[in-house]
Structures are given as structure tokens and as C-alpha cells.
Amino acid sequence: MLGAMQDWELRVTHLIDHAATEHGTREIVTRWADGSESRTNWAGVRRDAMKMANALRRYGIAPHDRIATLALNHHRHLVSWYGVVGAGGVLHTINPRLFDDQLEYMINHAEDRVLLYDAMFQPIVDRLRDKCPRIERFICFDSGDHAPAFEDWIAGESAEGNWASGGEREPCMLCYTSGTTGHPKGVLYEHRSTMLHAITALQPAVFNLDARSVVLPVVPMFHAASWGLPWMGAAAGAKFVYVQGNDPAALCEMMRQEKVNVSAGVPTVWLALLQHMDSTGIDLPELRQVVVGGSAMPRPIVERLMAQGLRIAHAWGMTETSPIGTTGAEPWDWDARDFQSQVSYKAMQGRVPFGVEIRCVSLGDPAVVLPRDGKASGALQVRGPWVVKRYFKALDDATAADQWFDTGDVAVIHPDGTLQLTDRTKDVIKSGGEWISSVDLENAAVGHPAVAEAAAIGITHPKWDERPILVVVRKPGADVTGEDLRAFLSDKVAKWWLPDAIEFVDALPHTGTGKISKKDLRDQFREYRLES
Ligand code: AMP
């Protein structure tokens, strides 16, 4: 027997319908990189999204076709999110900071048919055009010289029509993650997973959004679905303030001017903002909550922000988890805790909202589920309706038969359910919220004729959270300095990937199977401090 309630598929277009009908005049503000500003509102976003959906359909976009964006945060980008899904397409947001070969791989793997981009990324588009022949159509969000401009493209379209219909398990969005070894992997979000995530994420224990919220998402729209903000914000009817770029002065100015009370971004952003506030003496009187995630938030910064009366939501998550895994939801005895113990709690990764399950399993074989005793550390696993099951186009599931997804993070879980990340099994380094591949760095380094073996590991850094160092074994009798090696690497990897230090050792630790033991190496360098 089935239940007897109405058919209402959990499709993300319901979000924009709700926002336009119930919160239509709530503003969406953009500050462009050149300092100019634009204003629209949720009704305007829906109108333009419908025009875009009609333009896409007229162009021949079929359900589930991928439409890519290579853009920073602004309202036209937001319109394109709803326009793409409204036409039944799959929105593929691309991180412009990745390297050309990663971009080329992702665009071709996704089989993107249309690319919408910011004029400032024209050089990237020009380099990729021949390498990505499946892209049929380029649209520039600005009034660029090289491609039709977004507003001109949709101008003649009708604002009437219906959103594409379909089932709630159909895909709506594709995000690639480079936080793994090998090629970036695509995570294909569904309408249903996105809706459940959005409904959960706006709750008080998570992002705490409602119609009084004025949100400035510093988190880019290409990072893990902008943490779900464009979806949940529509459900809440929040005002949004977008800044194209993350210049601290522009961010602070817009926060003050628009009375922003909620913001979200990686820890490096908050460090830069605090520095700017210290050097200029300005404050942000309206800001009451900041969501921080993507990397561990250093305790002194947590303390500093909390001392100013801000609520910190220190969240852990991944592209693979849509991205909310845990948040810094206050436990039941919060008000009885003293300030320092509150800070200690917020410096950890918090607790899961309903909808996410976590556990730690031992790293050995066979893996056993570890107790939640605050001591036993092991591989962090997660499951739930907005956790990846299979990467895009993968033949096998990324999860075991019982659905647990192995995050590549190592953690302990405290008796009250608080998650504390302690290490990582995946071989990557996260600097300023962006991934650096240890393997690529090592492969480049061993290309030097004097290098026998090299291992890259992440070292805690006060500004970037982690920076890479390279630990190198020279070939017998060979002579190479750190400077030589840096010069050698400089045209092989991006500048910001270059190791902050190069240490020479006689031997690297190895596992029983002969692989470099990153765990032992990280242990050896646990007390290592970078000079800056
Ligand atoms: P991404 O898919 O790029 O969002 O990266 C997800 C990964 O970032 C996680 O698996 C963690 O390794 C790391 N990460 C995310 N949030 C946190 C956090 N609050 N503290 C420490 N590491 C984090």
C-alpha cells in the first residue's frame, strides 16, 4: 500500500518558485570586481532564470545535458544555476583556479555543451577552446567582445513557461573534486539530495538562515555547490550579497554597507578579513554568524571571532557530501560551559545534523568500528541521502555495500558525538582551501637527475592552514640544493604549489609493501614549523 499524499517531487526549481512568490522583493546585490554594483531580487532571479531556461531549450539543450560555468560570485551566476536546472540540464560549476589540464579533463569528461564564463577568464577560455571541442556555445556573463553577452542572450526570451519536469532522483548539478589522487572526480548531485540538503542546511543548528538573514557567501559558487547556499537561501528568502572576488576591503565594505549578518568561507578568508580590520580599524557590527569549513579553523581565530560575540559554525564536509557533514551545532549544555570550553568545542569539527551518519573504523585489516571515546582515531566514514554513492561515469560504487563512504580523513569521535579531525589518509595537501597533489609534486621532483626519492607532505601554516614541504633523498654522490630543486620545479607545477621548504634526509620511511609511509613521515615532521 502506498501513502495518500500529494505528488510533489523534490525538484530544486520549487526553491526558486518559493523565493519569488514568498520573498520576491528580497534583494540580491552584486559588487563587481571593478567596484560597480547591481541589484535584483528573488523575483528578478526567477524571471531571468526562466528566460535562460527558454533560451537553452530553444537552443536544443536536452534533459541532463551539462552546462558549465567558469565564474566568480555574482547574481548572473546565480540566475544561471536556476536557469540550467530549470531547463532540465545539469549545472557544472568549474573552479577557474585549477590548471589547464585539469580543466580540460573535467570539461571533456563532463561533456559540457555550453560554457558560461566571466570576462576575466577569457584567457583560460581561449587556451581551452581547441582542447574542448564538445563545447558548442560560449556565453560571457559580462558584455565581452568575444562571445554573446549573457543579458543580450536572454533578453528576447519570454519570462513565461514551465520548468522542466521529471523525477526527484534525476541529476541537477555536477561538481568535480581534485581532493583525490589521479584525475578529478565528478560528484553528480540529484534534485532530491540537493533539496534534502537545503532543507536541513538552513536550520538553526546548521546555517541558521531565515528571511532576516543577509548572507555574503565568500565561498565561491564553484566550491562544493557554494556549500548549498544558493539553494537553501532561496528556501529561507534570505538577502544575498555577492562580491566578485575575495578582496578583503571589498568584502568588508559590502558587509558594512548591506548590513550582512551571515557569512561563509574557508579559514584563510577570515584571517585576511581580520588582518584588514586590524590594519584599518573598521568593524563589522551587524555580523552575527560565520560559517567556516573546508579546512580546520585555527583555535586562536575561533577565540578571536567568538570574543566579538560571533556565532561560529565550524563545519566539516566534502564535495562528496554536498557538502554538509558536520556543523558546529551547540550541544545541550552550551550555556553552562565556560568561554574557553566553548572555544575548544568550536575549534573541533562539530556534530552531525539529522541526515548524516558518521563513524570511525580502524585503519588496520580487518577494519573494526571504533568506540566514540574521544581517543580511538581511525578512518572517518559517512553515509546519508546527500552523500555520493558513485562518482560520475564510474563503473563501481565509491561506497561499500552498506553505503559507508570512506572520506580519506582520519578522526576521533568524542562521546557526545563531536568530530575531531586528526589526520588524512588521502595523499593531498590543502592550502588556502585549494588542493595540492602530493603525488604530482613528487613525480615532478623525482624527474630531477639527482633525486632518488621525494615525498611531499602538508605542514600546518598560520595563514594557509597547510603548505607543502618536500622531503628528498639524494642519489648517492649526487649534489643538489633546495634552491636548485625549487628552480627545477618552477616550470613544472603552479607557483602556489612550490614547496615552502625542501628538506634532505638519508632515507624515507616505507611501509611493508615498499610504499613511502606518509603517516610515519608526517609523524616525524609533526613538530616541524615553517619559518613564516
Ligand atoms: P572539498 O571536497 O574540496 O571540500 O574538501 C573536503 C576535505 O577538506 C575534507 O575531506 C577534509 O580533508 C577537508 N576539510 C573540510 N572541512 C574541514 C574542517 N572543518 N577541518 C579540517 N578539514 C576539513
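Scoring rules and cut-offs
- Residues numbered from 1 in each chain as written.
- Predicted model: local features only at pLDDT ≥ 70, side-chain atom pairs only at ≥ 80, totals over all residues.
- Heavy atoms only, no water.
- Helix = DSSP H or I, 4+ residues; strand = E, 2+ residues; numbered from the N terminus.
- Buried < 20%, exposed > 50% of the residue type's maximum accessible area, 1.4 Å probe, protein only.
- Contact = heavy atoms within 4.5 Å.
- Axes fitted to C-alpha atoms, helices over the stretch in contact; angles between N-to-C directions.
- Parallel < 35°, antiparallel > 145°, perpendicular 65-115°, else oblique.
- Nonpolar A, V, L, I, M, F, W, Y, C, P; charged D, E, K, R; others polar.
- Salt bridge = Lys/Arg side-chain N within 4 Å of Asp/Glu carboxyl O.
- Phe/Tyr/Trp six-rings, centres within 6.5 Å; stacked < 30°, edge-to-face > 60°.
- Lys NZ or Arg CZ within 6 Å of the ring centre and 35° of its normal.
- Near = heavy atom within 4 Å.
- Polar contact = N/O pair within 3.5 Å; in protein donor to acceptor, adjacent residues only side chain to side chain.
- Areas by Shrake-Rupley, 256 points an atom, 1.4 Å probe, with all protein chains shown as cover.
- Domains from an automatic or database assignment.
- Buried area = accessible area lost by both parts, 1.4 Å probe.

Focus on the side chain of Thr321
Piece 1. Structurally, Thr321 is set in the loop between β13 (311-317) and β14 (324-326).
Piece 2. When its relative accessible area of 0% is taken as the criterion, Thr321 is described as buried.
Piece 3. Leave out the neighbours within four places in its chain, and Thr321 touches His197, Val382, Trp386 and Val387.

Observations concerning the packing of helix α9 (residues 248-257) against helix α10 (residues 267-280)
Relative orientation and spacing of two packed helices are given, respectively, by the angle between their axes and the distance between those axes.
Piece 1. Look at α9 against α10: their axes get within 9 Å of each other, and the N-to-C directions meet at 80°. Classified by the angle between their axes, α9 and α10 sit roughly perpendicular to one another. Contacts between α9 and α10 pair Pro248, Ala249, Leu251, Cys252 and Met255 from the former with Trp270, Ala272, Leu273, His276 and Met277 from the latter.
Piece 2. Tallied by class, residues from the contact of α9 with α10 come to nine nonpolar, one polar and no charged.

Overview of the pattern of salt bridges
Piece 1. For the coordinates displayed, the defined rule picks out 40 salt bridges.
Piece 2. Its salt-bridge partner being Glu37, residue Arg39 comes within 3.7 Å of it at the nearest N-O pair.
Piece 3. For Arg39, a relative accessible area of 43% puts it in the partly exposed group.
Piece 4. Arg66 is the partner of Glu111 in a salt bridge, and the nearest nitrogen-oxygen pair spans 3.9 Å. You can see Glu111 sitting in the loop between α4 (100-110) and β5 (114-117) and its partner Arg66 sitting in strand β3 (residues 66-70), a full 45 residues away along the chain.
Piece 5. What emerges from the salt-bridge pattern is a single network uniting Glu27, Glu37, Arg39, Lys239 and Glu258.

A few points about the packing of aromatic side chains
Piece 1. This model, assessed by the stated rule, comprises 10 aromatic pairs.
Piece 2. A centroid spacing of 5.3 Å and a plane angle of 55° characterise the contact between Phe141 and Phe150, whose relative ring orientation is tilted. In terms of burial, Phe141 and Phe150 fall into one category: buried.
Piece 3. Among the aromatic side chains, those forming a connected cluster through ring pairs are Trp42, Phe240 and Tyr242.
Piece 4. Directly above the ring of Trp334 sits Lys346, whose terminal nitrogen or CZ lies 5.2 Å from the centroid.
Piece 5. Positioned above the aromatic ring of Phe504 is the side chain of Arg474, whose terminal nitrogen or guanidinium carbon lies 3.8 Å from the ring centre.

A short note on the site of the ligand
Piece 1. Around the ligand, the surrounding shell holds 18 residues, and the nearest of these are Ala315, Thr319, Asp409, Lys426 and Trp435.
Piece 2. A distance of 3.1 Å separates an oxygen atom of the ligand from a polar atom in the side chain of His223.
Piece 3. Between an oxygen atom of the ligand and a side-chain N or O atom of Trp435, the distance comes to 2.9 Å.
Piece 4. Protein contact buries 95% of the 490 Å² of open area that the ligand shows by itself.
Piece 5. Of all the secondary-structure elements, those providing two or more residues to the shell around the ligand are β13 and β18 (419-424).

Describing unusual backbone geometry
Piece 1. Here the amide bond leading from Ser322 into Pro323 is cis, since omega sits at 15°, within 30 degrees of zero.
Piece 2. Within the secondary structure layout, Pro323 lies in the loop between β13 and β14.
Piece 3. The phi torsion at Trp227 lies on the positive side, around 60°, for a residue other than glycine.
Piece 4. Here Trp227 is to be found in the loop between β9 (214-217) and α8 (229-236).
Piece 5. According to the relative accessible area criterion, Trp227 is buried, its value standing at 6%.
Piece 6. Residues other than glycine seldom take positive phi values, yet Ser322 does so here, at roughly 75°.
Piece 7. By the secondary structure assignment, Ser322 is in the loop between β13 and β14.

Some thoughts on the environment of Ala55
Piece 1. Along the polypeptide, Ala55 turns up in helix α2 (residues 42-59).
Piece 2. Residue Ala55 is classed as buried on the basis of its relative accessible area, which comes to 4%.
Piece 3. Distance in space between the C-alpha atoms of Ala55 and Gly228 is 25 Å, their sequence separation being 173 residues.
Piece 4. Apart from the residues within four sequence positions on either side, Ala55 is in contact with Trp153 and Glu157.

Overview of the domain arrangement of the chain
Piece 1. Along its sequence, the chain is organised into domain 1 (14-346), domain 2 (359-386 + 403-422) and domain 3 (429-524).
Piece 2. For domain 1 and domain 3, the distance between their C-alpha centroids amounts to 33 Å.
Piece 3. Taken together, the contact between domain 1 and domain 3 spans 15 residues of the former and 13 residues of the latter.
Piece 4. Carbon and sulfur atoms make up 55% of the area that domain 1 and domain 3 hide from each other, which totals about 1,100 Å².
Piece 5. Considering only the side of domain 1, the residues that lose the most area to domain 3 are Phe99, Thr268 and Ser295, jointly responsible for 38% of the buried surface there.
Piece 6. Where Arg97 meets Glu434, a salt bridge forms, and the shortest distance between an N and an O atom there is 2.7 Å.

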